[in-house]
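Each chain, written out:
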Protein chains: 2
Amino acid sequence: MNNKRLDASLDVGLIRVLTSNDQYFVDTHGRLIMENYPGINVESICIPDQWEGIHDDETLAKALPKIVEAAQGFADKDMILVSCADDPAVDMIREEMPEMPVTGGGETTVAMALRYSSRVGVIGITDRPPRAYLSNAEGKIALYEKINQVNSTLDLLTDEGKRGVLECARRIKEAGCGVIALACTGMSTIGIAGLIERETGLPVVDPVIAEGAFAYHELIRKKYRNTGD
Amino acid sequence: MNNKRLDASLDVGLIRVLTSNDQYFVDTHGRLIMENYPGINVESICIPDQWEGIHDDETLAKALPKIVEAAQGFADKDMILVSCADDPAVDMIREEMPEMPVTGGGETTVAMALRYSSRVGVIGITDRPPRAYLSNAEGKIALYEKINQVNSTLDLLTDEGKRGVLECARRIKEAGCGVIALACTGMSTIGIAGLIERETGLPVVDPVIAEGAFAYHELIRKKYRNTGD
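Right, let's walk through the structure included here. (Residues numbered from 1 in each chain as written. Chains lettered and ligands numbered in written order. Predicted model: local features only at pLDDT ≥ 70, side-chain atom pairs only at ≥ 80, totals over all residues. Heavy atoms only, no water.)

## Topic: the overall build of chain A
The line we're drawing: Per the convention used, a helix needs a DSSP run of H or I reaching at least four residues, while a strand needs a run of E reaching at least two, with both numbered from the N terminus. When we talk radius of gyration, it's over C-alpha atoms, and the globule rule is simply 2.2 Å times the number of residues to the 0.38. Note on classification: 1.4 Å probe, protein chains only; a residue is buried when its accessible area is under 20% of the maximum for its type, exposed when over 50%, partly exposed between these limits. Throughout, a contact is declared for two residues whenever any of their heavy atoms are within 4.5 Å. Working definition of accessibility: Shrake-Rupley area with a 1.4 Å probe, residue cover restricted to the visible protein chains. In this tally Asp and Glu are treated as negative and Lys and Arg as positive; neither His nor the chain ends contributes. Note on charges: their place is set at NZ of Lys, CZ of Arg, CG of Asp or CD of Glu.
Helix and strand content of chain A: ten helices and eight strands. Its C-alpha atoms give chain A a radius of gyration of 17 Å, near enough to 17 Å, the size a compact globule of 229 residues would have. Projected onto its principal axes, the C-alpha positions of chain A cover 55 × 40 × 30 Å. Taking all 229 residues of chain A together, the buried fraction comes to 60%. The long-range fraction of contacts in chain A, counting pairs at least 24 apart against all pairs at least 6 apart in sequence, stands at 65%. Accessible surface, chain A as shown: approximately 9,300 Å² in total, 47% of it carbon and sulfur. Charged side chains of chain A number 24 positive and 35 negative; the gap between the two group centres comes to 6 Å.

## Here we look at empty space enclosed by the protein
Stated formally: As defined here, a cavity is a set of points on a 1 Å grid over the protein atoms alone where a 1.4 Å probe fits but cannot get out. A pocket is an open set with protein on both sides within 12 Å along at least five of seven lines, and residues line them when an atom is within 4 Å of a point. Grid points are joined across faces, edges and corners, and a volume is the space filled by probe spheres set on the points. Classification used: nonpolar for Ala, Val, Leu, Ile, Met, Phe, Trp, Tyr, Cys and Pro, charged for Asp, Glu, Lys and Arg, polar for all others including Gly.
Under the defined criterion, the tally for this structure stands at three cavities of 30 Å³ or more. Roughly 40 Å³ of volume is contained in the largest cavity. The wall of the largest cavity is formed by Met112, Arg115 and Tyr116 of chain A together with Met79, Pro101, Val102, Thr103 and Phe214 of chain B. In terms of residue class, the lining of the largest cavity is built from six nonpolar, one polar and one charged.

## Focus on the interface of chain B and chain A
Cut-off, in case you're wondering: The quantity reported as buried area is the accessible area (1.4 Å probe) lost by two parts once they are put together, taken as the sum for both. Salt bridge, as applied in this entry: a Lys or Arg side-chain nitrogen positioned within 4 Å of an Asp or Glu carboxyl oxygen. We call two N or O atoms a polar contact when they sit within 3.5 Å, provided that within protein one can donate a hydrogen and the other can accept it, with sequence-adjacent residues counted only if both atoms are side-chain atoms.
In this complex, chain B contributes 41 residues to the contact, which on the side of chain A involves 41 residues. Of the roughly 3,300 Å² buried at the junction of chain B and chain A (both faces included), carbon and sulfur atoms supply 53%. By the criterion of area lost to chain A, the three top residues of chain B are Arg115, Tyr116 and His217 of chain B, representing 23% of everything that side buries. One salt bridge connects Arg225 of chain B with Glu197 of chain A, and the closest N-O pair in it is separated by 3.6 Å. Seen at the junction of chain B and chain A, the total is 22 residue pairs in polar contact (both at pLDDT 80 or more). Elements that contribute at least two residues to the side of chain B that touches chain A include exactly α2 (28–36), β4 (102–104), α5 (105–113), α9 (193–200), β8 (204–205) and α10 (207–227) of chain B. Sort the elements by how many residues they give to the side of chain B that touches chain A and α10 of chain B lands first, with 13 residues.

## Digging into the environment of Cys177 of chain B
Residue and element names in this part refer to chain B. Structurally, the position occupied by Cys177 is in the loop between α7 (159–174) and β7 (179–182). Residues Cys177 and Leu143, spaced 34 residues apart in sequence, show a C-alpha to C-alpha distance of 7.8 Å. With near-sequence residues (within four places) excluded, Cys177 lies in contact with Arg119, Val120, Gly121, Ala142, Leu143, Ile172 and Leu202.

## Focus: the sheet that holds strand β6 (residues 141–146) of chain B
Residue and element names in this part refer to chain B. Selection criterion: At least two bridges found by DSSP between two strands are what make those strands a pair.
Taken together, four strands build an open sheet; the order of strands is β6-β5-β7-β8 and the sheet is parallel. With partners counted over all chains shown, the strands left at the sheet margins are β6 and β8, one partner each. Relative to β7, strand β5 (residues 120–124) is paired through four bridges, and the arrangement is parallel. Residue pairing for β7: Ile123 is matched across the bridge by Leu182.

## Quick notes on the environment of Ala61 of chain A
Residue and element names in this part refer to chain A. Within the element layout of this structure, Ala61 appears in helix α3 (residues 57–72). In this structure Ala61 comes out as partly exposed when scored by relative accessible area, which is 49%. For the pair formed by Ala61 and Met100, sequence separation is 39 residues and the distance between their alpha carbons is 23 Å.

The structure is reproduced here in structure tokens:
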């Protein structure tokens with residue numbers, strides 16, 4: 001007999017794809033998840049030498065092997081999150097570590113957004129929506145808005161970046177979309193989802209909050225697996 | 001100023017598509033959600049004259065207008081769950097009540113299952129998988145197993161029904177699937193997901209637990225919308 005039912009917890013290894021020497025900054029997504037989802041312990045690391053994160057094919061290709069290596073370092077965790085809307089290397093980690101639950105910010109955001117509406121507006125920093133937005137919401141992306149003057153997740157941290165996000169949100173509202181899916185975890189870092197909701201009245205899906213919902217589901221699954229209730 | 005950040009809660013209206021005069025039985029799914037997801041208050045009702053639930057086209061057609069009517073009675077709730085793996089009338093409710101978040105047991109289960117593997121095994125009671133399993137996991141359902149001798153959700157409540165579920169699970173394991181998605185909320189009612197996990201070693205997605213994860217996400221979304229944090 002055990003009492004895991006009562007003290008259920010889940011150890012998550014979270015991989016940031018934006019390099020920083022500031023561990024408090026690296027921990028931002030993990031903190032957001034722990035503030036909102038009880039019982040989840042997040043340890044965060046960032047991959048090295050990726051000072052502008054992932055924002056095009058070149059920065060993506062460079063990042064993939066580094067993300068897989070980071071995941072291998074989290075082999076003792078209950079779950080791995082690749083905290084990026086492009087879900088980089090998520091498929092590769094699933095292949096290499098088949099017992100390890102792993103997901104990313106893109107596919108979880110899309111899964112959430114489609115529960116609100118089949119007319120999805122997407123706000124991102126890249127020329128095209130990240131892969132999961134294209135493949136998992138095929139035919140349901142009514143509008144994609146790239147934020148003006150923003151080319152990497154760092155630009156989102158400026159006032160101009162925030163204004164750019166709100167301009168995109170207004171255009172999505174005017175186009176008659178039923179939900180806004182954010183397509184860069186930098187928008188989670190600046191915590192702008194609530195503000196967009198109040199400005200537009202539309203539900204907004206934040207990638208890090210979406211990742212957390214799937215982690216919380218995994219915590220409950222672990223609890224049932226261990227107790228037989 | 002308000003303090004909703006601290007006492008966040010979400011009022012959910014849950015619609016059962018299996019008629020019962022026993023409110024404790026009607027409340028089973030809601031209890032399961034409230035036991036696992038803090039801050040969620042569920043009020044459950046069942047639609048009338050649907051004594052065998054929904055298990056074919058005829059019982060589905062009969063149920064649809066009754067589900068929409070039940071949803072209209074929940075207009076004051078924060079969210080509506082149609083607690084059935086066929087997601088009956090979910091699209092219709094979205095159309096009629098565009099401001100109301102609504103989802104069902106099927107599309108939430110599929111969304112969860114695809115985060116574990118793209119080789120999904122499905123266990124159900126109908127001749128074909130429910131709609132969301134076909135449309136949202138296209139090409140990723142590696143095996144569908146209909147439970148022997150089980151034709152409606154009521155048959156699942158018997159010992160033979162439970163044995164049948166475990167036989168399906170073993171065949172799915174042998175076929176090399178990476179995850180098991182349950183396709184009838186009757187399997188949530190009998191609480192068999194944990195047992196299947198221990199028997200097969202595969203992750204199992206329970207429809208009512210999956211619904212709850214999306215409701216919990218909605219609770220957090222509501223909190224951010226109201227507080228601006």
